[in-house]
Structure formats: C-alpha cells, structure tokens
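# What the coordinates show
The chain contents come next:
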Amino acid sequence: MFAPGAQRGVLAVSRRAGDEVIADYAVAPEHVRVVYNGVDLERFQPQGGSPTMELRNALGVAAGERICLGVGSGYVRKGFDLLLRLWREDPPPGTHLVLVGRDERLGAFRREATGTKVHMLGPRDDVPVLMAAADVVCVPSRQEAFGNVVLEAMASGT
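Quick look at the structure, then. Remember, predicted model here, so these are calculated numbers, not experimental data.

About the criteria used
Residues numbered from 1 in each chain as written. Predicted model: local features only at pLDDT ≥ 70, side-chain atom pairs only at ≥ 80, totals over all residues. Heavy atoms only, no water. Core = buried A, V, L, I, M, F, W, Y, C linked by side-chain atoms within 4.5 Å. Buried < 20%, exposed > 50% of the residue type's maximum accessible area, 1.4 Å probe, protein only. Helix = DSSP H or I, 4+ residues; strand = E, 2+ residues; numbered from the N terminus. Contact = heavy atoms within 4.5 Å. Arc of directions from axis to C-beta. Salt bridge = Lys/Arg side-chain N within 4 Å of Asp/Glu carboxyl O. Right-handed = clockwise from strand over helix to strand, strands pointing away. Pairing = 2+ DSSP bridges. Phe/Tyr/Trp six-rings, centres within 6.5 Å; stacked < 30°, edge-to-face > 60°.

Attention now goes to the nonpolar core. Counting residues in each nonpolar core, the largest one holds 20 residues, and the members touching the most others are L59, L69, V71, V98, V100, L130 and M131. Secondary structure elements with two or more residues in this core: α2 (50-59), β3 (66-71), β4 (95-100), α5 (127-133) and α6 (148-155). Per-element accounting of this core gives the leading share, five residues, to α5. Filtering out sequence-adjacent residues up to four positions away, L59 remains in contact with I67, H96, V98, H119 and L121. In terms of nonpolar packing, the next biggest core, distinct from the first, is built from 13 residues, C68, Y75, W87 and M120 among them.

In structure tokens form, the structure reads like this:
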C-alpha cells in the first residue's frame, strides 16, 4: 500500500502523522493531505445531574471517589493493559478505572480485573454520558496518530 507510487494520495489526521508517512514510506509530500479529526458537539458536551449520577451509582462509585475513563478498541494497542496492571498492583486511592470498547480478549481482561475497582464495560452506546461522568480521560496508547477520544473528552468538559 505504501510502496513508492502505489497510492494516489494519503490522508493523515495530523501534520506529524503525515510527516511520518512521508519519511517512513517514501511517499511524495504532494500526495499527503491532512484532514483533522472532528467531534460531534451535539453528542459530546458537558452534562450533569441525573444521567451522570445514575451512571456513577450503577458503577458503585461513591461520593468523593473519582472515575478514570479509557475509551477505545484494541486494549493492548490503546495501553489499557498498562492501566489494568496499575489498578491491580498499586491503584490510585478512591479512583475507579472504567474501560469502554471492543477487544477480542475482553473476557480475559475482565477476569484480571476481578476484585479491583476496574469496570470493563465493553462496547457502549452511552460514551457521551461516560465522558461527562468521568473525572479524567486517560489515553495511554502505544500507537495513536490523534484519537478522537481526546476531542470528545475536551468537548465533554473532561
């Protein structure tokens, strides 16, 4: 796919990602275009009150406790295995880790999380409410050009 001359054009989500394609795959600079990620500001916005409190209660997050949220698919690529290890070995006090997204080994990750303040929710449709209910969104990705999760968290006020 990235053999010299094999493409008519390459879209990159950031200038840096485009520069890496140019350098790593010898793609001509004029064949690389940057199209920045966007976010749906009607879905992702600060929320409060009932939906976020209901979600925190459903997860068993007590008043005064925090939520660290990770959103993405492919847990190892997203670095969620690192977060899970941290919560197993030396968890931040009063903080729940909530991980959302698809992974083919979700069952194994759920077993690893047994007895911790880790909630492996799998794929969810209510990510905007989760973003708004979280105290912080963590993005420990091993490889990520620029994930929409950052923009979504910012739009959610998190």
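This paragraph deals with α2. Regarding α2, the residues found buried are T52, L55, R56 and L59. End-on, the buried residues of α2 take up no more than an arc of 100 degrees, which puts them together on one face. α2 presents E54, N57 and A58 as exposed residues on the side facing more than 90 degrees away from its buried surface. Those residues of α2 that are buried are in contact with β3, β4, β5 (118-122) and α5. Just downstream of α2 lies G60, where phi reads positive at about 80 degrees.

Inspection of every chain in the model, using the stated rule, returns eight salt bridges. A salt bridge links R88 to E112; the shortest N-O distance between them is 2.6 Å. With R88 in helix α3 (residues 80-89) and E112 in helix α4 (residues 106-112), the pair connects residues that are 24 residues apart, well separated along the chain. Among the residues examined, E112 registers a relative accessible area of 35% and is labelled partly exposed.

Summarising burial for β3: five of the six residues are buried, a large majority. In this region the chain leaves β3, passes through α3 and returns to the parallel neighbour β4; the handedness of that crossover is right-handed. Where β3 meets strand β6 (residues 136-137), two bridges bridge the pair, whose relative direction is parallel. By the bridge assignment for β6, C68 is matched with V136.

Turning our attention to the side chain of T52. Tracing the sequence through the fold places T52 in helix α2. Overall, the relative accessible area of 6% leaves T52 in the buried class.

What follows deals with the packing of aromatic side chains. As enumerated under the stated definition, the model contains two aromatic pairs in all. When the centroid spacing of 5.1 Å and the interplanar angle of 65 degrees are considered together, the rings of Y75 and F80 count as edge-to-face. Given the relative accessible area of 0%, Y75 is considered buried. Ring centres of Y75 and F109 lie 5.4 Å apart, and the angle between their planes is 40 degrees; on these two criteria the pair is classed as tilted. Here the residue Y75 occupies a position in the loop between β3 and α3, and F109 occupies one in helix α4, the gap between them amounting to 34 residues. Through successive ring pairs, a cluster of aromatic residues spans Y75, F80 and F109.

This paragraph deals with the pairing of β5. Within β5, five of the five residues are buried, which leaves the element mostly enclosed by the surrounding structure. Here β5 shows no split at all, with V118, M120 and G122 on one side and H119 and L121 on the other all buried. Note that the unit made of β4, α4 and β5 has a crossover that is right-handed.

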